[in-house]
Amino acid sequence: MANITAAMVKELREKTDAGMMDCKKALVATDGDFEKAVVWLREKGLAKAAKKAGVVAAEGLCNYVVSGNKVVLFELNSQTDFVAQNVKFKALLENVGNIIVNSNATNTEEALAIDVDGKTLETVIMESSGTIGEKISLRRVQVLTKSDAQVFGTYKHMGGRIVTVAILNGSDEAVAKDVAMHVAALSPKYVSKDDIPQDVVAKEKEVILAAALNENASSAKPKPEKIIEERIVPGRLEKNLKEICLLSQAFVKNPDLTVEQYVKGAKSEVVTFVRLEVGEGIEKVETDFAAEVAAQAAAAK
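Parameters at a glance
Residues numbered from 1 in each chain as written. Predicted model: local features only at pLDDT ≥ 70, side-chain atom pairs only at ≥ 80, totals over all residues. Heavy atoms only, no water. Axes fitted to C-alpha atoms, helices over the stretch in contact; angles between N-to-C directions. Helix = DSSP H or I, 4+ residues; strand = E, 2+ residues; numbered from the N terminus. Parallel < 35°, antiparallel > 145°, perpendicular 65-115°, else oblique. Left-handed = near helix turned anticlockwise from the far one by under 90°. Contact = heavy atoms within 4.5 Å. Expected span 1.5 Å × (residues − 1). Buried < 20%, exposed > 50% of the residue type's maximum accessible area, 1.4 Å probe, protein only. Polar contact = N/O pair within 3.5 Å; in protein donor to acceptor, adjacent residues only side chain to side chain. Salt bridge = Lys/Arg side-chain N within 4 Å of Asp/Glu carboxyl O.

1. Looking at the packing of helix α1 (residues 6-16) against helix α3 (residues 34-43)
With their axes 11 Å apart at the nearest point, α1 and α3 run at an angle of 50° to one another. The angle between α1 and α3 places the two elements in the oblique class. Crossing of α1 against α3: the hand is right-handed. Contact residues: α1 offers Met8, Glu11, Leu12, Lys15 and Thr16, while α3 offers Phe34, Ala37, Val38 and Leu41.

2. What to know about helix α9 (residues 173-186)
Structurally, the α-helix is built with 3.6 residues per turn, so residues lying three or four positions apart point the same way. Helix length check: α9, at 14 residues, gives a terminal C-alpha distance of 20 Å against a target of 20 Å (1.5 Å per residue), a fit within 8%. Among all positions of α9, only Val175, Ala176, Asp178, Val179, Ala180, His182, Val183 and Ala184 are buried. For α9, the elements touching its buried residues are β6 (150-157), β7 (162-169), β8 (250-251), α12 (259-265) and β10 (269-277). Put simply, aspartate 172 is the residue that caps the front of α9, since its side-chain oxygen is 3.1 Å from the backbone nitrogen of alanine 174. Positive phi appears at serine 187, one or two residues downstream of α9, with a value of about 50°.

3. Examining the pattern of salt bridges
It is possible for side chains of opposite charge to pair when their charged atoms get near one another. Applying the stated criterion across every chain yields a total of 14 salt bridges. The salt bridge partner of lysine 193 is glutamate 238, with a shortest N-O separation of 2.6 Å. Taken together, the residues span a long stretch of sequence, with lysine 193 in the loop between α9 and α10 (198-217) and glutamate 238 in helix α11 (residues 225-243) at a distance of 45 residues. Lysine 193 sits in the partly exposed class, given a relative accessible area of 36%. With a shortest N-O distance of 3.6 Å, lysine 264 and glutamate 260 are connected by a salt bridge. In this pair, lysine 264 and glutamate 260 both sit in helix α12, four residues apart, roughly one turn of the helix. The class for glutamate 260 is partly exposed, based on a relative accessible area of 32%. What emerges from the salt-bridge pattern is a single network uniting Glu75, Arg139, Arg140, Arg275, Glu277 and Glu280.

Following this line, the structure appears as structure tokens:
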């Protein structure tokens, strides 16, 4: 049996972009024959999927899976929305969620390393990429847990373009779901002002001050800078911070109440929340993938 070195694995990975463990398995299976190892990876669908690694996968769906006092939220990306609606993709989405929630994984890296019948979850996803014909990637994983005295509120928008989970003290699932729906609609960043990092507050204050000074400089009746700094800026800062905090937002189902007032009226309390939206934070770039698919379809006629 050939001696499989780290250098051989590295070289195969560079040529195919397959995972390190998959490259090692390919070399072991082919007794160190490099070209046969490439073929082995292609046959398994691993190299085929890896060839698309340079393409941004910014479509797909988010999902959540609840198991007892634990919930997993995750984002599974595809390259096109068309594939995200595919039956195979949706089956993979459910399978990935069940695998993660029944594991000890707490983040994306740990989730990708989960053993699934002798393969990593990363390999399972890559093999599915080869079958589906697009790059599929697990982008984000978040795990929340609650106590028996708390309740989950879950909400899914547009089939999973946005998913949210809220944890509330108490047992009123309807109220918790209302809060989760509100989070989906208004996208707060924090539960309350107490949760906002001081550097974020300082930066926001800096931006508001600069804007106020520019407005004042072009005003027909400019105010003293002291008034700008001591009166105008604090008021605008307070308003802006309220807008990004869940509890101080006007409740989406009854704008006459804040979320805090609505929840307190139900004798409950918001503990935390998570909101995932497909492609959030990804710089979506134009690719020629659609043209590639069209060309393949035309060639098949």
